[in-house]
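# What the coordinates show
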Amino acid sequence: MILSTYIARRFLWAYAQVLGAFWAIMMLIDMVEQLRRFSGQGIGTWGALHLAAMNTPASLYRILPLITILAAITLFLSLARSSELVVIRAAGRSALRFLVAPVLMALAIGAVTVAVFNPLVAATQKEYDRLWAAAAEGASSTLSLADSGLWLRQGTEDGQTVIRALRANADGTELFGVTFILFGADGLAAQRVEAESARLIPGAWALTGAKRWDMAGANPEREAQILPADATLSSNLTAARIRDSFGEPSAVPFWGLPAYIAGLERAGFSARAHRVWYQMELAQPLLFAAMVLIAAGFTMRHARFGRTGVLVLMAVLGGFFIFFLRNFAQVLGSNGQIPILLSAWAAPVAAILLALGLLLHLEEG
């Protein structure tokens, strides 16, 4: 138990060192990029530092599996160079039993990452998107979901329009049970339009079963008008802009994903990408453990055997291959090419089985 605690502590320290190094490098690169991007807005050093601090956690979160394998390589190389690995093996500790401590630590780090770090990353990414939109475009997201339906906002030369719909089709280009609230230049509600459905066409909404009320009139209901079947309402929205308003699934906190997925499906949108991301987050601890086993399969040997550089390179390439395979499976799962569970769990499980096969071959061969 003392030896397992010592190995786990060494792995945690190696993980913290690699994580800190990557965070510092990515923070500096992102800060320089923010200064270059917003040089015309005069945000200054502190403004760029603020933007970089909000954006770096999301970038760092995406490469945590690679950080895990680098930390594991660092651990095994340090144990080999100090001959601690030889002493442990000479004491009768098998390779698989020796790996229990770092693998359990990797699982714990993965669980904490998903449960704690993921919501923090989602919060910082949301704040970064807000700051970036305010600095670059002067506008924020056009869409939000609520229990009462979905809400859209659009701006035209005539003023702002707030749209509420009970549900929509998969890409948000057709709304059902829709209400338009048109605001004038003075910021007050000028008109209200209700329609059975509204279909997005270039530059306008094509309305079906629509009725319009003039909010400035003395009796809006008495002066209400039934609009013709070919009635339209001008709009600057596009299908791509509505789709992009959802943001990335990673921008939703892990604990809020089930409710967000339910809201998307209740509104009529496809939540497949969010379901894939949710399953991938559940499989994250298993992926961290797989990275440790891959690193062990190539680098858990005495330094005097030579070829250390080649083996380290092979371990890193193996980690990159699993990382690429996982991201490729995510794309296939989000597009509906493969089942959701297969896209999320296949890469970690395959990596663990391959690494265990390599370790058993080296141990028993």
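So, a few notes on the structure that sits alongside this text. Values in this document were obtained by computation on a predicted structure and should not be read as measured data.

Turning our eyes to something else, we now look at the packing of helix α3 (residues 64-81) against helix α11 (residues 308-334). At a minimum axis distance of 10 Å, the contact between α3 and α11 shows a crossing angle of 155°. Here α11 runs roughly antiparallel to α3, going by the angle between their axes. α11 is crossed by α3, and the crossing has right-handed handedness. Every residue of α11 that contacts α3 at P65, L66, I69, L70, I73 and L77 is listed here: T308, V312, A315, V316, G319, F320 and F323.

The element strand β6 (residues 204-208) is extensively covered by neighbouring structure, given that 4 of its 5 residues are classed as buried. By the bridge criterion, 5 bridges tie strand β5 (residues 189-201) to β6 in an arrangement that is antiparallel. The residue bridging S197 from the neighbouring strand is T208, located in β6. Count of turn residues in the β5/β6 antiparallel hairpin: 2 residues, of which G203 carries a positive phi of about 85°. Looking at chain direction, β6 and strand β9 (residues 232-234) are connected through 3 bridges and run antiparallel. Opposite W205, over in β9, you have L233 as the bridge partner.

Turning to the packing of aromatic side chains, a few remarks are in order. This model, assessed by the stated rule, comprises 7 aromatic pairs. Centroid distance F254 to Y278: 5.3 Å. Interplanar angle 20°. Geometry classified as stacked. Residue F254 is found in the loop between α7 (239-244) and α8 (257-267), and its partner Y278 is found in helix α9 (residues 272-282); the two are separated by 24 residues along the sequence. Look at Y278 and you get partly exposed, because its relative accessible area is 23%. Geometrically, the ring pair formed by F324 and F328 is stacked, given 6.1 Å between the ring centres and 10° between the ring planes. Taken as a pair, F324 and F328 lie in helix α11 at a separation of 4 residues, close to a single helical turn. Over the aromatic face of W213 sits the side chain of R192, whose NZ or CZ is 5.6 Å from the ring centroid.

Next up on the list: a nonpolar patch on the surface. On the surface, a nonpolar cluster with roughly 210 Å² of combined accessible area is contributed by L96, L356 and L360. Within the fold, L360 resides in helix α12 (residues 340-364).

Moving on to the pattern of salt bridges. Taken as a whole and assessed by the stated rule, the structure comprises 4 salt bridges. Residue R37 pairs with E33 through a salt bridge whose shortest N-O separation is 3.4 Å. Here the residue R37 and the residue E33 both occupy positions in helix α1 (residues 2-37), the gap between them amounting to 4 residues, near one helical turn. Among the residues examined, R37 registers a relative accessible area of 36% and is labelled partly exposed. Look at E33 and you get partly exposed, because its relative accessible area is 27%. A cluster of three or more residues bridged by salt bridges with shared partners is formed by E33, R36 and R37.

What counts and how
By convention here, each chain's residues receive numbers from 1 onward along its written sequence. Predicted model: local features are reported for residues with pLDDT of at least 70 only, side-chain atom pairs are reported and counted for 80 or more only, and whole-chain, interface and lining totals are derived from all residues. Hydrogens and water are ignored here; the side-chain numbers use all heavy atoms of the structure. To obtain each axis, a line is fitted to C-alpha atoms, and for helices this fit is confined to the stretch in contact; angles are then taken between N-to-C directions over 0 to 180 degrees. Helix and strand definitions here come from DSSP, where helices need a minimum of 4 consecutive H or I residues and strands a minimum of 2 consecutive E residues; each element is numbered from the N-terminal end. Orientation categories follow fixed angle ranges, with anything under 35 degrees roughly parallel, anything over 145 roughly antiparallel, 65 to 115 roughly perpendicular, and all other angles oblique. When the near helix sits turned anticlockwise from the far one by under a right angle, the crossing is termed left-handed; a clockwise turn instead gives a right-handed crossing. Whether two residues are in contact is decided by their heavy atoms: any pair within 4.5 Å suffices. Under the scheme applied here, a residue whose accessible area is under 20% of the maximum for its type counts as buried, over 50% as exposed, and between as partly exposed, the area being computed with a 1.4 Å probe on protein chains only. Strands are treated as partners if at least two bridges between them are detected by DSSP. Any pair of Phe, Tyr and Trp rings, taking the six-membered ring for Trp, is counted once the centres come within 6.5 Å. Such a pair is stacked with planes under 30 degrees apart, edge-to-face with planes over 60 apart, and tilted for the rest. Only Lys NZ and Arg CZ are tested; either one counts as a charge over a ring when it is within 6 Å of the ring centre and within 35 degrees of the ring normal. Only residues whose relative accessible area exceeds 30% and that take part in no salt bridge are eligible for patches, with like-charged residues grouped when within 9 Å of each other and nonpolar side chains (Val, Leu, Ile, Met, Phe, Trp, Tyr) grouped when within 5 Å. All accessibility values rest on the Shrake-Rupley procedure with a 1.4 Å probe; residue burial counts only the protein chains present in the view. Just to be clear on terms, a salt bridge is a Lys or Arg side-chain nitrogen sitting within 4 Å of an Asp or Glu carboxyl oxygen.

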